[in-house]
Amino acid sequence: KQGHKKLSVLISENSYYQGILQAITPQLENAGVKIVDVSNFSPQQTDYRTAIAKLSSSTSDSVLSLLLESGEFAAFLRQRRELKLKLPLYAANTIPFDQIIQKNLNLAEGIVYFDYLTPGTDAFKKRYRERFRSAPGFASAKAYDAMIIVSQTLDKCVSKPAQIRECLRKTNFTGISGDISFSDKGLITDSSANTFLLTVKNGEIVSVAGWLRPLLQNYKRYSPRFEIERQVLLLSMILAEALLGKG
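Residues numbered from 1 in each chain as written. Predicted model: local features only at pLDDT ≥ 70, side-chain atom pairs only at ≥ 80, totals over all residues. Heavy atoms only, no water.

Student: Please clarify how unusual backbone geometry should be interpreted in this entry.
Tutor: Keep in mind that most residues, glycine aside, have a negative phi and that most peptide bonds are trans. You will see that lysine 84, though not glycine, has its phi angle at about 55°, which is positive. With respect to the secondary-structure elements, lysine 84 resides in the loop between α3 (72-82) and β4 (89-91). A residue is classified by how much of its surface remains accessible, and lysine 84, at 61% relative accessible area, is exposed. Despite not being glycine, asparagine 202 shows a phi value in the positive range, around 55°. You can call asparagine 202 exposed: its relative accessible area is 64%. (Helix = DSSP H or I, 4+ residues; strand = E, 2+ residues; numbered from the N terminus. Buried < 20%, exposed > 50% of the residue type's maximum accessible area, 1.4 Å probe, protein only.)

Printed below as a string of structure tokens:
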């Protein structure tokens, strides 16, 4: 929608990012966007000046960064600023996991990226910040609601697993992350947007657009500071699978 026709890609040797590139390539082609070059980098590489110089003289009108979040992406952003690379920059959900960038969001000013989020209400985000001195993670609100659902179900149906299963199946819960229920097959249905296009504006993360997508089955992308939420969310999913599945 931005009118880009030629895209350059910078990618770390990482299965997650390689999977993203493989998935979006045909979609870009269908949209009339040509990937003119792909530059591969080994993990922990932090010097991108040669690649940036190449981008500056290339025919590309945009750049997609699929660089790792353990210092690699932050290094690229610093060097991009130093060498005054002006091409529009897009990225995967790297920014929330990069502690260097999180401490200085101005590094990522103007970048557009996607992320999977269940933001929660303003009141929840305020309470979370007051208690943990940081913004909620992408699973914070969903984990909060999941444990309430599990707790309420166990309070109502503590006799037999079959009763717990039926109680969960009948769940129709409206929480801080939106409306939650289960399908006849035991799958969680979610009516709220969970995939967002975001940008960094004036040092703040701002939502550009949001839409509903099935939750990806990749739980290795959590930042260490969201470990408790990861455990809670995994617990709720394991319970749902065990109690509502065929087994």
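Student: Mind showing me how you'd approach the pattern of salt bridges here?
Tutor: Should the charged atoms of two oppositely charged side chains come close, the side chains can pair. Summed over all chains, the structure comprises four salt bridges. When the shortest N-O distance is used, the salt bridge between arginine 49 and glutamate 82 registers 3.6 Å. With arginine 49 in helix α2 (residues 49-56) and glutamate 82 in helix α3, this residue pair connects regions lying 33 residues apart in the sequence. Given a relative accessible area of 47%, glutamate 82 falls into the partly exposed group. Two residues, glutamate 130 and lysine 126, come together in a salt bridge whose shortest N-O distance is 2.6 Å. Remark: lysine 126 and glutamate 130 occur in helix α5 (residues 122-132); sequence separation between them is four residues, near one turn of the helix. Relative accessible area serves as the criterion here: at 43%, glutamate 130 is assigned to the partly exposed category. (Salt bridge = Lys/Arg side-chain N within 4 Å of Asp/Glu carboxyl O.)

Student: I keep staring at the confidence of the model for the chain and nothing clicks. Help me out?
Tutor: Averaged over the chain, the pLDDT score is 77; the fraction of residues at 70 or greater is 77%. Mean pLDDT across the elements of the chain ranges from a minimum in helix α8 (residues 227-244), with 43, to a maximum in α2, with 94. Predicted confidence for residues 214-247 stays below pLDDT 50, and this span has 55 contacts to residues more than four positions away or in other chains. (pLDDT = per-residue confidence, 0-100. Contact = heavy atoms within 4.5 Å.)

Student: What's the story with the nonpolar core in this structure? I'm lost.
Tutor: Buried together is how nonpolar side chains tend to be arranged in soluble globular proteins. With 27 residues, the main nonpolar core has Leu10, Phe73, Phe76, Leu77, Ile95, Ile101 and Ile111 as its most contacted residues. Sorting elements by how many residues they give to this core places α3 first, with five residues. Not counting residues up to four positions away in its chain, the partners in contact with isoleucine 101 are Phe73, Ala74, Leu77, Ile95 and Ala108. The next biggest cluster of nonpolar side chains, apart from the first, holds 14 residues, and it includes Val9, Leu21, Leu64 and Phe114. (Core = buried A, V, L, I, M, F, W, Y, C linked by side-chain atoms within 4.5 Å.)

Student: What exactly am I supposed to notice about the pairing of strand β5 (residues 112-116) here?
Tutor: Residues in a regular strand project their side chains so that they alternate between the two faces of the sheet. Among the five residues that make up β5, four are buried, leaving the element largely enclosed by the rest of the structure. Summarising the sheet, β4 and β5 pair through two bridges and their orientation is parallel. Across the sheet, tyrosine 90 pairs through a bridge with valine 112, a residue of β5. Relative to strand β9 (residues 195-201), β5 runs antiparallel, the two being bridged by five bridges. Along β9, the bridge assignment pairs phenylalanine 114 with leucine 197. (Pairing = 2+ DSSP bridges.)

Student: It is not clear to me how α3 should be interpreted in this structure. Could you clarify?
Tutor: Burial analysis of α3 places eight of its 11 residues in the buried class, the great majority of the element. Considered for burial, the residues of α3 that qualify are Glu72, Phe73, Ala74, Ala75, Phe76, Leu77, Gln79 and Arg80. Residues of α3 that are buried make contact with β1 (6-12), α2, β3 (62-66), β4 and α4 (99-103). Lysine 84 occupies a position one or two residues after α3 and carries a positive phi of about 55°.

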